[in-house]
Amino acid sequence: MSTGHYDIIVIGSGPGGASLAHRLAPTGKRILMLERGGYLPRSRANWDAKTVFVDGAYQAPETWHGADGSTFHPGLHYWVGGNSKVYGAALFRLRERDFGEVRHKDGVSPAWPLGYDVFEPYYTQAEALYHVHGRRGEDPTEPWSSAPYAYPPVLHEPRIQELSDILTREGLHPFHLPLGIKLDQNPDGSATTYSPCIRCDAFDGFPCAVNAKADAQVICVDPARTAHPNFTLLTGAYVDRLETDPSGRSVSRVHVIRDNQAEQYSADIVVVACGALSSALLMLRSASDAHPRGLANRSDQVGRNYMRHTMSVVMALLREPNRTVFQKTLALSDYYFGAPDWDYPLGLIQMCAASHGEQIRGEAPLPHLMSLVPELPFDKMAEHSIDFWLQTEDLPNPGNRIRYDGDRVVLDVKDSNLEAAGRLKDKLRAMLVPMRA
Ligand SMILES: Cc1cc2nc3c(=O)[nH]c(=O)nc-3n(C[C@H](O)[C@H](O)[C@H](O)COP(=O)(O)OP(=O)(O)OC[C@H]3O[C@@H](n4cnc5c(N)ncnc54)[C@H](O)[C@@H]3O)c2cc1C
Ligand code: SF4
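Calculation notes
Residues numbered from 1 in each chain as written. Chains lettered and ligands numbered in written order. Predicted model: local features only at pLDDT ≥ 70, side-chain atom pairs only at ≥ 80, totals over all residues. Pairing = 2+ DSSP bridges. Helix = DSSP H or I, 4+ residues; strand = E, 2+ residues; numbered from the N terminus. Axes fitted to C-alpha atoms, helices over the stretch in contact; angles between N-to-C directions. Near = placed C-beta within 6 Å. Nonpolar A, V, L, I, M, F, W, Y, C, P; charged D, E, K, R; others polar. Contact = placed C-beta atoms within 7 Å. Expected span 1.5 Å × (residues − 1). Core = buried A, V, L, I, M, F, W, Y, C linked by C-beta atoms within 7 Å. Buried ≥ 20, exposed ≤ 12 C-beta atoms within 10 Å, placed from the backbone.

A. Layout of the sheet that holds strand β2 (residues 31–34). The strand order across the open sheet formed by six strands is β10-β2-β1-β13-β12-β11, and the pairing between neighbours is mixed. Every interior strand has two partners, whereas the edge strands, β10 (231–234) and β11 (237–244), have only one. Mean inter-strand twist for the sheet, computed between neighbouring axes without regard to direction, equals 40°. As paired strands, β11 and strand β12 (residues 251–258) are joined by seven bridges and run antiparallel to one another.

Next up, the structure:
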């Protein structure tokens, strides 16, 4: 059994844990990062739509349960860098009003105990660290900021610039989507010869085979490992449970399973950064006599109030082929807090990566009869498609929760604000007419 004492243990190497460890490593403190996953293997398959979206090759190989007994594979990714290995790297700040009470059609999103001003300096630092490219002043709902973006916006390709011009003529305010990407552009937006990012068609849910997406492994974990011998990363290290001292007030042991062996570690400070769902599960697994409902759960709030947005992808077909390679450069927040015909927030519209034929075949909810026709022209549809990602806030309902039922993980979630999500889709549909889609 391995043991060791550290100044700080960080559990989880996603953006939360990795950014913290990256910031602490220069202090010289002995830091141990425990990550259940390994390094995501780099290969051409990283950019293959079938591998990523249809086969779900990088997704956690777990089965969870819905409250109705149904089963599903959670959209989680256990790798060094966590979910940021496959994230879309659209790195927005919350709006200033989001920190106050926000009224939705289905209920109230309560005010945060802290305001935007407390977070602002950290947003600025995080944007610089994660290579966020953008331009201040374009997004009509963006909050105030103490500095410009450290990197210029990712420029639109001609069809997306045309779309931007059309939307502007319609009285809307399209803007450059803030993106975390290691891209150096020529004046026409193409990648320079020294740019890590080659501006390919796989920006979004694909892992980047050339490590040019600003994910937590590339930006934080690897630089910390290289520069700071006081920082140690253990992969394949699943934290099973946190044990407290007899008073129940501090964590005395971190119980780890690695290579099927039990190990224990301790630290002056233990940070749980396993992501929203897995952090709650760890606390619930750590129940003891002192904490019968789970660690830090006297309130019975651990695992509750789960939020995940209501999201949909809209694929519109253009009459002419869409030659855009890197499509995810534009967003629209005009309806984020409401619309002239609706007093409640609707949400955000952004472009997503161009659709691939295999992806449409595997993922799209096609009418049943259509999906029986094997020779449907999916590649042709992909060639003509222009693709949008719609995101509406949901509510932090206490009944929406993750919990254990014996050894089974149950995720019990009821959607909210569906009318707002539908209305946002209607707004997009109206925009498609002047786009010739
Ligand atoms: C497909 C996809 C696209 C997304 N796109 C965007 C986007 O465009 N913009 C945006 O802002 N956000 C996006 N997100 C969300 C974003 O990725 C997450 O908000 C972010 O990764 C959360 O960071 P985290 O550090 O809290 O947790 P995670 O990234 O989930 O990292 C948690 C880490 O903890 C590890 N872990 C879990 N349990 C244990 C355990 N018991 N022991 C040891 N290790 C453990 C996991 O393996 C993982 O590495 C996207 C997410 C997905 C899945
Ligand atoms: S667009 Fe750039 S960051 Fe994205 S996958 Fe291609 S090379 Fe990587």
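Resuming the write-up.
B. The arrangement of the site of ligand 2 in detail. By nearness alone, 13 residues border ligand 2, and Cys197, Cys200, Phe203, Cys208 and Ala212 come closest of all. Residue composition of the shell around ligand 2, grouped by class: 11 nonpolar, no polar and two charged.

C. Fine view of the sheet that holds strand β16 (residues 348–351). One open sheet holds the five strands; their spatial order is β8-β15-β16-β17-β14, and the pairing between them is antiparallel. At either end of the open sheet lies a strand with only one pairing partner, and these are β8 (175–176) and β14 (310–317). Judged from the four bridges that link them, β16 and strand β17 (residues 385–392) form a sheet pairing that is antiparallel. Paired with glutamine 350 across the two strands is tryptophan 389, which belongs to β17. Helix-sheet contacts for helix α10 (residues 418–432) involve β14, β16 and β17, and the interaxial angle to β17 is about 150°.

D. Highlighting helix α3 (residues 116–129). The terminal C-alpha atoms of α3 lie 19 Å apart, and with 14 residues this matches the ideal 20 Å at 1.5 Å per residue to within 8%. In the stretch just after α3, histidine 131 is the one whose phi turns positive, near 50°.

E. View of the nonpolar core. Counting residues in each nonpolar core, the largest one holds 88 residues, and the members touching the most others are Ile9, Ala21 and Ile31. In terms of residue count, helix α5 (residues 216–227) provides more of this core than any other element does, six residues in total. Once residues lying within four places of it in the same chain are set aside, the contact partners of alanine 21 are Val10, Ile31, Met33, Cys220, Ala224 and Phe231.

Keep in mind these values describe shape, not function.
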